[in-house]
Amino acid sequence: MTDLVPLRRNTQFQLLWAGSVVSQLGSELTRLALPLLVLALTGSPGWAGIVTGAGVAAAVLVQMPAGVWVDRWDRRRTLITGQAVRTVNSAVLAALILTGQVRVWQVVVLAVVDGLCVAFAEPARTTSIRAVVPVAQLPLAYMQEESRAHAARLVGPPLGGLLYGLGRAVPFVADTVTFLVALLCSIGAKVPRRPAGEERAQAKRSMRRDAGEAIAWLWHQRGLREVCAAVMVLNLLGGAFLIPLIVLVADRGGDAVTTGTVLAGAGIGGLIGALLSHRTGALLPPGKLLITVVTLLGAAFAAMTIPLGPWWPMVPLALFTLSAPALNVVMDVVIARMVPEGMLGRMDAILTIVSRGLAPLGPVLGGGLAALLGGSGALLVIGGLLLLTAAGAAAVGELRRFTGAADDVPAAS
């Protein structure tokens, strides 16, 4: 048996990972800067929520056809094209801000274009990782992936707030540069192309049949269906906290840098949690781990409202994110091992739709609640709903007992 090459020497994976690190850092810069820009343009938390949700909505709406096409097309070309369009799109937004011509409707349109690119680029990247990383090394690869995400969340928000303070366009120019670096890394990774014969064979199948096959596969997986339903609600409510948090920090006298530093709490806890995810994930099976994470998030949102100053929300945010990476890594490994490689693009699309189907409403919900109840009131409502979700999930036996083991998720009949 040939010895496995250490993951750190897997050039293809490391280039994909490095490009994603830089790209996500840029996205985290604008995660805070974008709602701040919209608030400056309109003065409306509701509009900030709509703009933030527009890109997510676009990605979710085209996710299924995108997943089918990713399974059919050359994954390398799809990944590079998606990154290239995101680079140009970001450059356009930066130019509009620099020239003082930016309008809120333009920001919405560009957010939608970015969401469409994400719908294609992310499944292409998922299949690329599976193609270049041996199954035995997937847990290490996904742990490294999770560390990347939280490191970006640690550095990005405070840096984004700082750059926005230097000038409205600065974080968006930086985001464009990060997309360009990610594009070059994707080109250099040279991930395997799909065999030409396989492309021709899949091209003869209808999109409806390909999508139906993947949906039927998921429907017959005991426990996984229930996990997906719970994650859908988790992402709706979890995505609703950003606008209320911005309002809460501002009400307590904090500025953009303060808000960015508070959001960095997610990066601090998440980075530590990602490094410990292999051990943490072994403590509980996936179903019970999910219930625990939802409970902790609800408690964290409620704790943010304790009146201890603008910096306080950073503490419960950091404590919660110690646990979240373990759930992400565990579920990524379960899916990568369960799903046939020829179905990965479609399954990535379906799981994204299922888990994020309500996510576009999260920023809108958060912005509306913040406008109605203020930051503290909105976070209390969202935290309470999460605790109710955890209680409901714990009452579902299929979810509570879900382990992701072979006998736990039988093949579709």
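Rules behind the numbers
- Residues numbered from 1 in each chain as written.
- Predicted model: local features only at pLDDT ≥ 70, side-chain atom pairs only at ≥ 80, totals over all residues.
- Heavy atoms only, no water.
- Helix = DSSP H or I, 4+ residues; strand = E, 2+ residues; numbered from the N terminus.
- Buried < 20%, exposed > 50% of the residue type's maximum accessible area, 1.4 Å probe, protein only.
- Contact = heavy atoms within 4.5 Å.
- Areas by Shrake-Rupley, 256 points an atom, 1.4 Å probe, with all protein chains shown as cover.
- Core = buried A, V, L, I, M, F, W, Y, C linked by side-chain atoms within 4.5 Å.
- Salt bridge = Lys/Arg side-chain N within 4 Å of Asp/Glu carboxyl O.
- Axes fitted to C-alpha atoms, helices over the stretch in contact; angles between N-to-C directions.
- Left-handed = near helix turned anticlockwise from the far one by under 90°.
- Nonpolar A, V, L, I, M, F, W, Y, C, P; charged D, E, K, R; others polar.
- Phe/Tyr/Trp six-rings, centres within 6.5 Å; stacked < 30°, edge-to-face > 60°.
- Expected span 1.5 Å × (residues − 1).
- Bend = angle between axes of the 7 residues up to and from the residue.
- Patch = residues over 30% accessible without salt bridge, like charges linked within 9 Å, V, L, I, M, F, W, Y side chains within 5 Å.
- pLDDT = per-residue confidence, 0-100.

What about the overall build of the chain?
- Each helix and strand counted, the chain has 19 helices and zero strands in total.
- Per-residue burial for the chain yields a buried fraction of 54% across its 413 residues.
- Of all intrachain contacts in the chain linking residues separated by at least 6 positions in sequence, the fraction that spans at least 24 positions is 88%.
- Per element, the accessible surface of the chain, about 17,000 Å² overall, is 68% carbon and sulfur.

What to know about the nonpolar core
- Within the largest apolar cluster, 84 residues are counted, with the highest numbers of intra-cluster contacts made by L224, L290 and M347.
- Here this core takes nine residues from helix α14 (residues 286-304), the largest share from any one element.
- Beyond its immediate sequence surroundings of up to four residues, L290 is in contact with V227, A230, V231, L234, L327 and L399.

Overview of the pattern of salt bridges
- Inspection of every chain in the model, using the stated rule, returns one salt bridge.
- In this structure, R86 and D114 form a salt bridge, with 2.8 Å as the shortest nitrogen-oxygen distance. With R86 in helix α4 (residues 75-98) and D114 in helix α5 (residues 104-132), the pair connects residues that are 28 residues apart, well separated along the chain.
- Judged by its relative accessible area of 9%, R86 is buried.
- For D114, a relative accessible area of 21% translates into the label partly exposed.

Structural notes on the packing of helix α1 (residues 11-42) against helix α6 (residues 138-166)
- Closest axis-to-axis distance for the α1/α6 pair is 8 Å, and the angle between their directions is 35°. In terms of crossing hand, the pair formed by α1 and α6 is right-handed.
- Counted by class, the contact of α1 with α6 contains 18 nonpolar, seven polar and four charged residues.

Describing the packing of aromatic side chains
- All chains considered together, the criterion is met by one aromatic pair.
- When the centroid spacing of 5.2 Å and the interplanar angle of 20° are considered together, the rings of F241 and F301 count as stacked. Placement of F241 in the loop between α10 (224-238) and α11 (242-251) and of F301 in helix α14 is noted, with a sequence separation of 60 residues between them.
- Look at F241 and you get buried, because its relative accessible area is 9%.

Re α6
- With 29 residues, α6 should reach 42 Å at 1.5 Å per residue; the first-to-last C-alpha distance of 41 Å fits that figure.
- Along its length, α6 shows its largest kink, about 30°, at G156, and proline P157 lies within four residues downstream of that point.

What about the environment of N235?
- Tracing the sequence through the fold places N235 in helix α10.
- In this structure, the C-alpha to C-alpha distance between N235 and G362, residues 127 residues apart in sequence, is 7.6 Å.

Let's talk about a nonpolar patch on the surface
- A grouping of I268, I272, L275, L276, V315, L319 and L322 is seen on the molecular surface, where their side chains present a nonpolar patch of about 590 Å² in accessible area.
- Of all the secondary structure elements, the ones that give two or more residues to the nonpolar patch are α12 (256-275) and α15 (314-320).
- Secondary-structure assignment places I272 in helix α12.

Notes on the confidence of the model for the chain
- The predicted model of the chain has a mean per-residue pLDDT of 79, with 90% of residues at 70 or higher.
- In this model residues 406-413 is a low-confidence stretch, pLDDT under 50, and it forms 19 contacts with partners more than four residues away in sequence or in other chains.

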